[in-house]
Amino acid sequence: MRQGVVGAIAIQIQEPIFEGQTKTKLGSTYMWERQVKNKDGSSAIDRGPTIRSFINDFVSKNLDNYLHMNLDIVPVIEKKIKESQAEREEIAGIQKKTRERNKKANVYNRKLRDCRIHFNDKPLKNKEDEREKTSIFITEGDSASGTITKVRNANTQAVFSLRGKPINCFKESRKKVAENEELNLLVSALGVEEDLDDLRYNNIIVATDADDDGMHIRMLVLTFIMKYYPDLIRRGHVHILQTPLFRVHNKKSTRYCYSIDEKEKAVKDLKTGVEITRFKGLGEISSHEFVEFIGEKMRLDPVKLADEESISEIMEFYMGDNTAERQRFIMENLRSEEELEDVNI
């Protein structure tokens, strides 16, 4: 019945008591406590109702009154309760199978090329910096993952390889998401089945090609994280890997450029005998080149959520069934033909 319901309760307490110096947790049990005098002159403490019972009684009474005055809403709520109960029972069965599957995955996760140090390891002397550097690259296909695996730092960098496009978790039922083997393996690799504090990597890096399919896969991965693990984003763990779009080189020098502006500047600087290569995918970048892009000079775009942003509204717009609305948005924000021609050089 409470599924999807968000409420805020404001109560006033006389002489509140807080726990700890920071006063972030209320320690008061009763609505009020006051000294009173008995007839014989002795003092005693008069206590009001407990905060829990006060709120429970208030909600119970007013909800009962509301349902009696709005009989048309009763069958709607009853239907919702029964649907939620059926869903809970179904999900409980799936989660049991998932836990059994994850136990096997923990022994051997075929999608994961793991590293030696993890973010949830016990802090070791002189190893704290390496825990902070722990990263997992979520890549598309074996080609990209193979390249990254060859040149990664095996102490702190892991690689998880997706097979094609994940399911759209916003549109699919919780049942189908819970049964999806690939997403189960990803959750198992991250270590967040039970608690986000068990996260095994400080940086979750989505590394996809800079083309339409790569952008779509990126959106699908972020949709899964935003829907089921949004606090990973709020805590600053999720990033997008920037990879170069162009290689600009002549006989004397080679430059890797991440934008059209960088490419044009490189062409001007190198002046003569310039050749330009447009990278279409991570698999096209050789191993000896890729080591620079995930090393000390790695460029990451952090994924952020502002406090005022609604996750449901964001996902409804980008991943929902409002195709016509998205088409209008795309048409209104298209780049000029000149810009597109520059990109396709």
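Shown above is the structure to which this text applies.
A short tour of the structure in this document, coming up. Predicted model only: the values in this text are computed from it and were never measured.

Together, Met219, Tyr318, Phe329, Ile330, Met331 and Leu334 make up an exposed nonpolar region whose accessible area comes to about 590 Å². It is helix α12 (residues 323–332) that provides the largest number of residues to the nonpolar patch, a total of 3 residues. You can see Leu334 is positioned in the loop between α12 and α13 (337–343).

It is a probe the size of a water molecule, rolled over the atoms, that shows where empty space is left. Evaluated as defined, the whole model comprises 2 cavities of 30 Å³ or more. Here the largest cavity is characterised by a volume of approximately 50 Å³. Along its surface, the largest cavity is lined by Thr208, Asp209, Ala210, Thr243, Pro244, Phe279, Lys280, Gly281, Leu282 and Ile285. Tallied by class, the residues present in the lining of the largest cavity amount to 5 nonpolar, 3 polar and 2 charged. Approximately 40 Å³ is the volume attributed to the second largest cavity. Lining the second largest cavity are Pro166, Ile167, Cys169, Leu183, Leu186, Leu220, Val221 and Phe224. Of all elements in the fold, only α6 (181–190) and α7 (212–228) reach the threshold of two or more residues within the lining of the second largest cavity. Its residues assigned to classes, the lining of the second largest cavity shows 8 nonpolar, no polar and no charged.

Once that is clear, we can look at the environment of Thr243. Locating Thr243 in the fold gives a position in the loop between β9 (238–241) and β10 (246–249). When the C-alpha atoms of Thr243 and Tyr256 are compared, they prove to be 9.1 Å apart, with 13 residues separating the residues in sequence.

Another aspect to go through is α7. Here α7 contains 17 residues, and its C-alpha end-to-end distance of 25 Å stays within 8% of the 24 Å for a straight helix at 1.5 Å per residue. Residues of α7 that are buried: Gly214, Ile217, Arg218, Leu220, Val221, Leu222, Thr223, Phe224, Ile225 and Met226.

The biggest cluster of nonpolar side chains holds 38 residues, and the ones touching the most others in it are Ile136, Phe160, Leu190, Ile204, Phe224, Leu232 and Val238. The set of elements that each furnish at least two residues to this core consists of β6 (135–140), β7 (157–162), α6, β8 (203–207), α7, α8 (230–234), β9 and α11 (311–319). Grouped together as the second largest cluster of nonpolar side chains are 15 residues, Ala207, Phe279, Leu282 and Ile285 included.

One pass over the structure, following the stated rule, counts 5 aromatic pairs. Their ring planes at 45° and their centres at 5.7 Å tell us that Phe224 and Tyr228 sit as a pair that is tilted. Linking Phe224 with Tyr228, this pair stays in helix α7, spanning 4 residues, or about one helical turn. Taking 5.9 Å as the distance between ring centres and 70° as the angle between the ring planes, the aromatic pair formed by Phe290 and Phe293 counts as edge-to-face. Of this pair, Phe290 and Phe293 both sit in helix α10 (residues 287–293), separated by 3 residues, roughly a single helical turn. Given a relative accessible area of 1%, Phe293 falls into the buried group. Cluster of aromatic residues (ring-pair linked, three or more members): Phe224, Tyr228 and Tyr229.

Scoring rules and cut-offs
Residues numbered from 1 in each chain as written. Predicted model: local features only at pLDDT ≥ 70, side-chain atom pairs only at ≥ 80, totals over all residues. Heavy atoms only, no water. Patch = residues over 30% accessible without salt bridge, like charges linked within 9 Å, V, L, I, M, F, W, Y side chains within 5 Å. Areas by Shrake-Rupley, 256 points an atom, 1.4 Å probe, with all protein chains shown as cover. Salt bridge = Lys/Arg side-chain N within 4 Å of Asp/Glu carboxyl O. Helix = DSSP H or I, 4+ residues; strand = E, 2+ residues; numbered from the N terminus. 1 Å grid on protein atoms, 1.4 Å probe; cavity = no way out; pocket = protein on both sides within 12 Å on 5 of 7 lines; lining within 4 Å. Points joined across faces, edges and corners; volume = space filled by probe spheres on them. Nonpolar A, V, L, I, M, F, W, Y, C, P; charged D, E, K, R; others polar. Expected span 1.5 Å × (residues − 1). Buried < 20%, exposed > 50% of the residue type's maximum accessible area, 1.4 Å probe, protein only. Core = buried A, V, L, I, M, F, W, Y, C linked by side-chain atoms within 4.5 Å. Phe/Tyr/Trp six-rings, centres within 6.5 Å; stacked < 30°, edge-to-face > 60°.

Function cannot be inferred from these measures alone, as they are strictly geometric.
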